[in-house]
Amino acid sequence: MKNKQRIISLVVAILVGLLLTSTLNIFAQTEAINSIDKFLTDSEKNGFNGVVLIIKGEKVLLRKGYGVADCQGKRKITPEMIFDIGSITKNITTFAILKLQAQGKLQINDSISKHLKNVPSDKANITIEQILQHTAGMPDVFGADEDYVSKDWFIRKAFSEALISPPGAKREYSNAGFSLLGAIIEELSGQSYETFVRKNVLDPAGINQTGYFLPKLKKNNIVCGILDDKPWGNVKDYYGKFEPSWHLLANGGMLSSVNELDKWFRAVLDNKIVPVEITNIWLATTGRKTLRNTRYIATSGSNHIFSSLYIRYIDDDASFVLFTANSKWQKEKVQPQLLAELNKIILGDKK
(Lines give C-alpha, C1' and ligand atoms only; values in the text may rest on other atoms or scores of the structure.)
Protein backbone atom coordinates (compact mmCIF):
# COMPACT_ATOMS: atom_id res chain seq x y z
CA MET A 1 0.00 0.00 0.00
CA LYS A 2 2.83 2.38 0.92
CA ASN A 3 4.59 1.61 -2.40
CA LYS A 4 1.38 2.39 -4.25
CA GLN A 5 1.07 5.73 -2.42
CA ARG A 6 4.72 6.56 -3.22
CA ILE A 7 4.15 5.83 -6.91
CA ILE A 8 1.00 7.99 -6.93
CA SER A 9 2.88 10.82 -5.18
CA LEU A 10 5.73 10.56 -7.67
CA VAL A 11 3.37 10.66 -10.65
CA VAL A 12 1.56 13.69 -9.19
CA ALA A 13 4.91 15.45 -8.58
CA ILE A 14 5.99 14.78 -12.18
CA LEU A 15 2.68 16.06 -13.56
CA VAL A 16 2.85 19.19 -11.39
CA GLY A 17 6.44 19.75 -12.55
CA LEU A 18 5.47 19.40 -16.20
CA LEU A 19 2.51 21.73 -15.75
CA LEU A 20 4.70 24.30 -14.00
CA THR A 21 7.36 24.06 -16.73
CA SER A 22 4.71 24.44 -19.43
CA THR A 23 3.22 27.45 -17.66
CA LEU A 24 6.62 29.09 -17.31
CA ASN A 25 7.37 28.44 -21.00
CA ILE A 26 4.06 29.99 -22.05
CA PHE A 27 4.75 32.97 -19.80
CA ALA A 28 8.25 33.44 -21.27
CA GLN A 29 6.86 33.05 -24.79
CA THR A 30 4.16 35.65 -24.14
CA GLU A 31 6.72 38.04 -22.69
CA ALA A 32 8.95 37.67 -25.75
CA ILE A 33 6.08 38.26 -28.17
CA ASN A 34 4.92 41.31 -26.20
CA SER A 35 8.49 42.64 -26.28
CA ILE A 36 8.68 42.23 -30.09
CA ASP A 37 5.30 43.86 -30.59
CA LYS A 38 6.21 46.81 -28.34
CA PHE A 39 9.56 47.29 -30.07
CA LEU A 40 7.96 47.36 -33.53
CA THR A 41 5.09 49.57 -32.35
CA ASP A 42 7.61 52.05 -30.94
CA SER A 43 9.66 51.81 -34.17
CA GLU A 44 6.49 52.47 -36.19
CA LYS A 45 6.29 55.92 -34.61
CA ASN A 46 9.70 56.67 -36.12
CA GLY A 47 8.96 55.42 -39.63
CA PHE A 48 9.13 51.61 -39.50
CA ASN A 49 6.90 50.05 -42.18
CA GLY A 50 6.62 46.30 -42.23
CA VAL A 51 5.01 43.07 -41.17
CA VAL A 52 6.12 40.16 -39.00
CA LEU A 53 4.95 36.56 -38.71
CA ILE A 54 6.02 34.19 -35.92
CA ILE A 55 4.70 30.64 -35.72
CA LYS A 56 5.61 27.90 -33.21
CA GLY A 57 4.15 24.50 -33.93
CA GLU A 58 0.66 25.11 -35.24
CA LYS A 59 0.18 28.29 -33.23
CA VAL A 60 0.50 31.76 -34.76
CA LEU A 61 2.15 33.80 -32.00
CA LEU A 62 2.36 37.12 -33.85
CA ARG A 63 1.06 38.17 -37.25
CA LYS A 64 0.88 41.92 -37.50
CA GLY A 65 1.55 44.89 -39.75
CA TYR A 66 3.12 48.19 -38.73
CA GLY A 67 3.23 51.54 -40.49
CA VAL A 68 1.47 52.78 -43.62
CA ALA A 69 0.70 50.78 -46.73
CA ASP A 70 0.00 53.39 -49.40
CA CYS A 71 2.08 56.23 -50.81
CA GLN A 72 -0.37 58.76 -49.38
CA GLY A 73 0.11 57.44 -45.86
CA LYS A 74 -3.61 56.89 -45.28
CA ARG A 75 -3.92 53.10 -44.86
CA LYS A 76 -2.30 50.86 -42.29
CA ILE A 77 -0.28 47.81 -43.29
CA THR A 78 -2.09 44.55 -42.58
CA PRO A 79 -0.50 41.07 -42.46
CA GLU A 80 -2.13 40.00 -45.73
CA MET A 81 -0.45 42.73 -47.75
CA ILE A 82 2.09 42.10 -50.48
CA PHE A 83 5.78 43.06 -50.36
CA ASP A 84 8.79 42.73 -52.65
CA ILE A 85 10.69 39.68 -51.33
CA GLY A 86 13.97 40.61 -53.04
CA SER A 87 16.57 37.88 -53.40
CA ILE A 88 14.38 35.31 -51.66
CA THR A 89 13.18 34.97 -55.27
CA LYS A 90 16.40 33.04 -55.93
CA ASN A 91 15.06 30.14 -53.87
CA ILE A 92 12.08 29.91 -56.22
CA THR A 93 14.39 29.98 -59.26
CA THR A 94 16.53 27.30 -57.64
CA PHE A 95 13.53 25.01 -57.30
CA ALA A 96 12.50 25.69 -60.89
CA ILE A 97 15.93 24.39 -61.89
CA LEU A 98 15.61 21.41 -59.53
CA LYS A 99 12.16 20.70 -60.98
CA LEU A 100 13.68 20.53 -64.47
CA GLN A 101 16.24 18.10 -63.07
CA ALA A 102 13.45 15.99 -61.57
CA GLN A 103 11.79 16.02 -65.01
CA GLY A 104 15.01 14.75 -66.60
CA LYS A 105 15.58 17.89 -68.68
CA LEU A 106 18.90 18.88 -67.10
CA GLN A 107 21.50 18.02 -64.49
CA ILE A 108 22.86 20.78 -62.29
CA ASN A 109 26.41 19.84 -63.28
CA ASP A 110 25.55 20.55 -66.95
CA SER A 111 27.46 23.38 -68.57
CA ILE A 112 25.33 26.34 -69.64
CA SER A 113 26.52 25.80 -73.22
CA LYS A 114 24.51 22.58 -73.26
CA HIS A 115 21.28 24.56 -72.94
CA LEU A 116 22.01 28.03 -74.36
CA LYS A 117 23.25 28.94 -77.83
CA ASN A 118 26.32 30.94 -78.78
CA VAL A 119 28.00 30.78 -75.38
CA PRO A 120 31.52 32.25 -75.75
CA SER A 121 34.50 30.06 -74.95
CA ASP A 122 35.37 31.77 -71.66
CA LYS A 123 31.90 30.93 -70.32
CA ALA A 124 31.18 27.66 -72.10
CA ASN A 125 32.21 25.50 -69.15
CA ILE A 126 30.29 27.40 -66.48
CA THR A 127 27.92 24.92 -64.83
CA ILE A 128 24.41 25.46 -63.57
CA GLU A 129 25.61 24.39 -60.13
CA GLN A 130 28.31 27.07 -60.13
CA ILE A 131 25.68 29.73 -60.86
CA LEU A 132 23.48 28.37 -58.07
CA GLN A 133 26.44 28.57 -55.68
CA HIS A 134 27.64 32.00 -56.94
CA THR A 135 30.98 30.55 -58.05
CA ALA A 136 30.56 31.04 -61.82
CA GLY A 137 32.71 34.19 -61.82
CA MET A 138 29.93 36.31 -63.32
CA PRO A 139 29.49 40.00 -62.44
CA ASP A 140 26.76 40.89 -59.97
CA VAL A 141 24.58 43.16 -62.14
CA PHE A 142 24.54 44.79 -65.58
CA GLY A 143 22.10 47.60 -64.78
CA ALA A 144 19.37 48.89 -62.46
CA ASP A 145 16.35 46.72 -61.69
CA GLU A 146 14.06 49.56 -62.77
CA ASP A 147 15.59 49.86 -66.28
CA TYR A 148 13.78 47.45 -68.58
CA VAL A 149 15.91 45.26 -70.84
CA SER A 150 14.79 42.23 -72.84
CA LYS A 151 16.08 38.68 -72.52
CA ASP A 152 18.01 38.96 -75.79
CA TRP A 153 19.73 42.15 -74.62
CA PHE A 154 20.55 40.57 -71.29
CA ILE A 155 22.04 37.39 -72.77
CA ARG A 156 24.19 39.36 -75.21
CA LYS A 157 25.44 41.50 -72.32
CA ALA A 158 26.10 38.49 -70.09
CA PHE A 159 28.08 36.76 -72.82
CA SER A 160 30.08 39.84 -73.81
CA GLU A 161 31.10 40.99 -70.33
CA ALA A 162 34.36 39.66 -68.90
CA LEU A 163 34.23 37.26 -65.98
CA ILE A 164 35.54 38.63 -62.70
CA SER A 165 37.12 35.29 -61.74
CA PRO A 166 37.58 31.88 -63.37
CA PRO A 167 34.51 29.61 -63.05
CA GLY A 168 34.66 27.64 -59.81
CA ALA A 169 37.55 29.64 -58.37
CA LYS A 170 35.74 31.57 -55.65
CA ARG A 171 32.37 32.84 -54.48
CA GLU A 172 31.27 36.11 -56.06
CA TYR A 173 27.60 36.99 -55.52
CA SER A 174 25.83 37.35 -58.86
CA ASN A 175 22.26 38.45 -59.49
CA ALA A 176 22.97 38.25 -63.22
CA GLY A 177 23.77 34.55 -62.93
CA PHE A 178 20.26 33.80 -61.69
CA SER A 179 18.71 35.76 -64.55
CA LEU A 180 20.75 33.52 -66.86
CA LEU A 181 19.16 30.54 -65.10
CA GLY A 182 15.81 32.16 -65.93
CA ALA A 183 16.78 32.01 -69.61
CA ILE A 184 17.68 28.31 -69.27
CA ILE A 185 14.30 27.64 -67.62
CA GLU A 186 12.53 29.27 -70.56
CA GLU A 187 14.65 27.41 -73.10
CA LEU A 188 14.05 23.96 -71.62
CA SER A 189 10.40 24.40 -70.64
CA GLY A 190 9.25 26.20 -73.78
CA GLN A 191 7.34 28.56 -71.49
CA SER A 192 7.91 31.95 -69.95
CA TYR A 193 9.82 31.85 -66.68
CA GLU A 194 6.78 32.83 -64.66
CA THR A 195 4.42 30.40 -66.39
CA PHE A 196 6.74 27.49 -65.64
CA VAL A 197 7.32 28.65 -62.06
CA ARG A 198 3.61 29.14 -61.43
CA LYS A 199 2.62 25.65 -62.55
CA ASN A 200 5.60 23.67 -61.29
CA VAL A 201 6.95 25.51 -58.24
CA LEU A 202 4.20 27.66 -56.71
CA ASP A 203 0.96 25.81 -57.47
CA PRO A 204 2.14 22.59 -55.74
CA ALA A 205 2.44 24.64 -52.54
CA GLY A 206 -1.15 25.87 -52.88
CA ILE A 207 -0.25 29.57 -53.05
CA ASN A 208 -1.69 32.10 -55.50
CA GLN A 209 -0.52 35.53 -54.32
CA THR A 210 3.17 35.12 -55.16
CA GLY A 211 4.94 36.03 -58.41
CA TYR A 212 5.36 38.89 -60.86
CA PHE A 213 2.37 39.25 -63.20
CA LEU A 214 0.39 36.03 -62.92
CA PRO A 215 -1.03 36.66 -59.45
CA LYS A 216 -4.02 38.92 -59.97
CA LEU A 217 -3.00 41.29 -57.21
CA LYS A 218 -5.00 44.36 -56.28
CA LYS A 219 -2.70 47.37 -56.47
CA ASN A 220 -3.94 48.75 -53.15
CA ASN A 221 -2.86 45.49 -51.51
CA ILE A 222 0.78 46.00 -52.56
CA VAL A 223 2.75 48.02 -50.02
CA CYS A 224 4.34 51.30 -51.15
CA GLY A 225 8.06 51.57 -50.44
CA ILE A 226 9.60 54.65 -48.87
CA LEU A 227 12.96 55.90 -50.15
CA ASP A 228 14.67 58.63 -48.08
CA ASP A 229 11.33 59.69 -46.57
CA LYS A 230 9.65 59.97 -49.99
CA PRO A 231 7.16 57.56 -51.62
CA TRP A 232 8.94 55.29 -54.11
CA GLY A 233 6.01 53.07 -55.07
CA ASN A 234 6.20 49.32 -55.40
CA VAL A 235 8.45 47.21 -57.57
CA LYS A 236 5.59 46.38 -59.93
CA ASP A 237 5.49 50.05 -60.93
CA TYR A 238 8.91 49.49 -62.49
CA TYR A 239 8.24 46.22 -64.33
CA GLY A 240 8.08 46.12 -68.12
CA LYS A 241 4.72 45.74 -69.86
CA PHE A 242 4.61 41.94 -69.70
CA GLU A 243 7.55 40.97 -67.49
CA PRO A 244 10.11 42.52 -65.14
CA SER A 245 13.38 43.73 -66.61
CA TRP A 246 15.86 40.93 -67.17
CA HIS A 247 18.12 42.84 -64.79
CA LEU A 248 15.64 41.57 -62.17
CA LEU A 249 13.75 38.55 -63.50
CA ALA A 250 14.54 35.27 -61.73
CA ASN A 251 16.97 36.88 -59.28
CA GLY A 252 14.67 39.20 -57.31
CA GLY A 253 11.61 41.41 -57.22
CA MET A 254 8.89 38.79 -56.77
CA LEU A 255 5.86 39.77 -54.72
CA SER A 256 4.45 37.75 -51.83
CA SER A 257 2.90 37.89 -48.36
CA VAL A 258 4.35 36.54 -45.11
CA ASN A 259 1.77 33.74 -45.00
CA GLU A 260 2.40 32.63 -48.56
CA LEU A 261 6.17 32.65 -48.18
CA ASP A 262 6.01 30.49 -45.07
CA LYS A 263 3.56 28.14 -46.77
CA TRP A 264 5.89 27.78 -49.75
CA PHE A 265 8.97 26.92 -47.70
CA ARG A 266 6.97 24.39 -45.69
CA ALA A 267 5.87 22.78 -48.97
CA VAL A 268 9.54 22.63 -50.05
CA LEU A 269 10.50 20.86 -46.83
CA ASP A 270 7.49 18.53 -47.15
CA ASN A 271 8.82 17.49 -50.60
CA LYS A 272 5.78 18.85 -52.45
CA ILE A 273 7.92 20.63 -55.07
CA VAL A 274 10.57 18.02 -55.91
CA PRO A 275 11.23 14.44 -54.72
CA VAL A 276 12.72 13.96 -51.26
CA GLU A 277 16.16 12.95 -52.55
CA ILE A 278 16.51 16.25 -54.43
CA THR A 279 15.16 18.26 -51.47
CA ASN A 280 17.71 16.57 -49.22
CA ILE A 281 20.59 17.49 -51.53
CA TRP A 282 19.41 21.12 -51.50
CA LEU A 283 19.06 21.02 -47.72
CA ALA A 284 22.55 19.57 -47.30
CA THR A 285 24.06 22.55 -49.12
CA THR A 286 21.67 25.25 -47.88
CA GLY A 287 20.71 24.18 -44.39
CA ARG A 288 22.47 25.45 -41.27
CA LYS A 289 22.89 24.28 -37.68
CA THR A 290 22.21 26.14 -34.45
CA LEU A 291 24.60 25.91 -31.48
CA ARG A 292 22.28 23.15 -30.24
CA ASN A 293 22.90 21.25 -33.49
CA THR A 294 19.32 21.67 -34.66
CA ARG A 295 18.62 22.41 -38.32
CA TYR A 296 17.32 25.62 -39.81
CA ILE A 297 17.25 27.50 -43.10
CA ALA A 298 17.60 31.26 -43.47
CA THR A 299 17.32 33.47 -46.53
CA SER A 300 16.94 37.19 -47.09
CA GLY A 301 16.69 39.91 -49.71
CA SER A 302 16.78 43.66 -50.22
CA ASN A 303 16.65 46.33 -52.88
CA HIS A 304 17.57 48.90 -50.19
CA ILE A 305 13.93 49.99 -50.00
CA PHE A 306 12.17 46.71 -49.34
CA SER A 307 13.91 44.02 -47.30
CA SER A 308 12.92 40.51 -46.29
CA LEU A 309 14.04 37.75 -43.96
CA TYR A 310 12.76 34.18 -43.69
CA ILE A 311 13.91 31.62 -41.12
CA ARG A 312 12.49 28.13 -40.73
CA TYR A 313 13.66 26.25 -37.63
CA ILE A 314 13.14 22.75 -38.96
CA ASP A 315 13.71 20.66 -35.84
CA ASP A 316 12.08 23.23 -33.56
CA ASP A 317 9.00 23.54 -35.83
CA ALA A 318 9.00 27.33 -35.90
CA SER A 319 8.90 30.05 -38.57
CA PHE A 320 9.92 33.70 -38.59
CA VAL A 321 9.12 36.08 -41.46
CA LEU A 322 9.96 39.80 -41.59
CA PHE A 323 9.21 42.24 -44.41
CA THR A 324 10.12 45.94 -44.33
CA ALA A 325 9.37 48.80 -46.74
CA ASN A 326 11.46 51.82 -45.79
CA SER A 327 15.04 52.55 -46.86
CA LYS A 328 15.77 53.92 -43.40
CA TRP A 329 14.30 50.85 -41.69
CA GLN A 330 15.92 47.90 -43.40
CA LYS A 331 15.76 44.51 -41.70
CA GLU A 332 19.24 44.93 -40.21
CA LYS A 333 17.97 47.79 -38.04
CA VAL A 334 15.38 45.66 -36.23
CA GLN A 335 16.72 42.14 -36.73
CA PRO A 336 19.03 41.91 -33.66
CA GLN A 337 16.26 42.84 -31.21
CA LEU A 338 13.73 40.55 -32.85
CA LEU A 339 16.02 37.53 -33.07
CA ALA A 340 17.10 37.90 -29.44
CA GLU A 341 13.46 37.62 -28.36
CA LEU A 342 12.77 34.93 -30.94
CA ASN A 343 15.53 32.84 -29.43
CA LYS A 344 13.59 32.75 -26.14
CA ILE A 345 10.53 31.47 -27.98
CA ILE A 346 12.46 28.80 -29.89
CA LEU A 347 14.35 27.51 -26.87
CA GLY A 348 11.31 27.12 -24.62
CA ASP A 349 12.07 24.19 -22.33
CA LYS A 350 15.31 23.37 -24.21
CA LYS A 351 17.43 25.79 -22.15
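Described below are features of the structure shown in this document. No experiment lies behind these values; they were computed from the predicted model shown.

## Structural notes on the overall build of the chain
So, point 1. In terms of regular secondary structure, the chain is built from nine helices and 10 strands.
So, point 2. Over its C-alpha atoms, taken along the principal directions, the chain stretches across nearly 90 × 50 × 35 Å.
So, point 3. Relative to its 351 residues, the chain shows a buried fraction of 51%.
So, point 4. Within the chain, counting contacts between residues at least 6 apart in sequence, those at least 24 apart form 66% of the total.
So, point 5. Carbon and sulfur atoms provide 53% of the accessible area of the chain, an area that totals close to 16,500 Å².

## Observations concerning the layout of surface pockets
So, point 1. Roughly 690 Å³ of volume is contained in the largest pocket.
So, point 2. Residue assignment for the lining of the largest pocket shows that the elements contributing at least two residues are helix H2 (89-102), helix H3 (128-132), helix H8 (276-286) and strand S8 (295-302).
So, point 3. Across the lining of the largest pocket, the residue classes tally to nine nonpolar, 10 polar and four charged.
So, point 4. Roughly 240 Å³ of internal volume is contained in the second largest pocket.
So, point 5. For the second largest pocket, the lining is made up of 17 residues, of which Ser 87, Asp 145, Asn 175, Asn 251 and Ser 302 are closest to its centre.
So, point 6. Residue composition of the lining of the second largest pocket, grouped by class: four nonpolar, nine polar and four charged.

## Quick word on the pairing of strand S1 (residues 50-56)
So, point 1. When you tally the buried positions in S1, you get six out of seven residues, the bulk of the element.
So, point 2. Relative to strand S2 (residues 59-66), S1 runs antiparallel, the two being bridged by seven bridges. By the bridge assignment, Gly 50 is partnered in S2 with Tyr 66.
So, point 3. Counting the residues in the hairpin turn of S1 and S2 gives two residues, including Gly 57, whose phi is positive at 65 degrees.

## Notes on the pairing of strand S5 (residues 230-233)
So, point 1. Of the pairings in the sheet, the one linking strand S4 (residues 225-227) to S5 comprises three bridges and is antiparallel in character. Bridging across to S5, Gly 225 finds its partner in Gly 233.
So, point 2. Taking the residues between adjacent antiparallel strands as the criterion, S4 and S5 are bridged by two residues, where Asp 228 takes a positive phi near 50 degrees.

## Topic: the packing of H2 against helix H6 (residues 193-202)
So, point 1. Two numbers describe how H2 lies on H6: the axes approach to 10 Å, and their chain directions differ by 80 degrees. Between H2 and H6, the crossing angle belongs to the class labelled roughly perpendicular. Residues Thr 89, Ile 92, Thr 93, Phe 95, Ala 96, Lys 99 and Leu 100 of H2 pack against Tyr 193, Phe 196, Val 197, Asn 200, Val 201 and Leu 202 of H6.

## Comments concerning the nonpolar core
So, point 1. With 80 residues, the main nonpolar core has Ile 92, Phe 95, Leu 180, Tyr 193, Trp 264 and Ile 273 as its most contacted residues.
So, point 2. Ranked by the residues each element gives to this core, the list is headed by helix H5 (residues 175-189), at seven residues.
So, point 3. In terms of nonpolar packing, the next biggest core, distinct from the first, is built from 24 residues, Ile 36, Phe 48, Ile 311 and Ile 345 among them.

## Overview of unusual backbone geometry
So, point 1. Positive phi, normally seen in glycine, also occurs at Asp 228, with a value near 50 degrees.
So, point 2. Looking at the element boundaries, Asp 228 is found in the loop between S4 and S5.

## Description of the sheet that holds S2
So, point 1. Overall, antiparallel pairing links the six strands, which are arranged S2-S1-S10-S9-S8-S7 in an open sheet. Looking along the sheet, the strands with just one partner apiece sit at the ends: S2 and strand S7 (288-289).
So, point 2. Direction of pairing for S7 relative to S8: antiparallel, over a ladder of two bridges. From the neighbouring strand, Arg 288 faces S8, where its bridge partner is Tyr 296.
So, point 3. Its contacts with the sheet place helix H9 (residues 331-347) against S1, S2, S8, strand S9 (307-313) and strand S10 (318-324), and it is angled at close to 165 degrees to S10.

## Considering the pattern of salt bridges
So, point 1. Under the definition given, this model contains 19 salt bridges.
So, point 2. One salt bridge in this structure joins Arg 63 and Glu 80, with 3.3 Å as the shortest N-O distance. Taken as a pair, Arg 63 in strand S2 and Glu 80 in the loop between S2 and strand S3 (83-84) lie far apart in primary sequence, 17 residues in all.
So, point 3. Given the relative accessible area of 41%, Glu 80 is considered partly exposed.
So, point 4. It is possible to trace a salt-bridge network through shared partners that takes in Lys 38, Asp 42 and Lys 45.

Conventions adopted
- Residues numbered from 1 in each chain as written.
- Predicted model: local features only at pLDDT ≥ 70, side-chain atom pairs only at ≥ 80, totals over all residues.
- Heavy atoms only, no water.
- Helix = DSSP H or I, 4+ residues; strand = E, 2+ residues; numbered from the N terminus.
- Buried < 20%, exposed > 50% of the residue type's maximum accessible area, 1.4 Å probe, protein only.
- Contact = heavy atoms within 4.5 Å.
- Areas by Shrake-Rupley, 256 points an atom, 1.4 Å probe, with all protein chains shown as cover.
- 1 Å grid on protein atoms, 1.4 Å probe; cavity = no way out; pocket = protein on both sides within 12 Å on 5 of 7 lines; lining within 4 Å.
- Points joined across faces, edges and corners; volume = space filled by probe spheres on them.
- Nonpolar A, V, L, I, M, F, W, Y, C, P; charged D, E, K, R; others polar.
- Pairing = 2+ DSSP bridges.
- Axes fitted to C-alpha atoms, helices over the stretch in contact; angles between N-to-C directions.
- Parallel < 35°, antiparallel > 145°, perpendicular 65-115°, else oblique.
- Core = buried A, V, L, I, M, F, W, Y, C linked by side-chain atoms within 4.5 Å.
- Salt bridge = Lys/Arg side-chain N within 4 Å of Asp/Glu carboxyl O.

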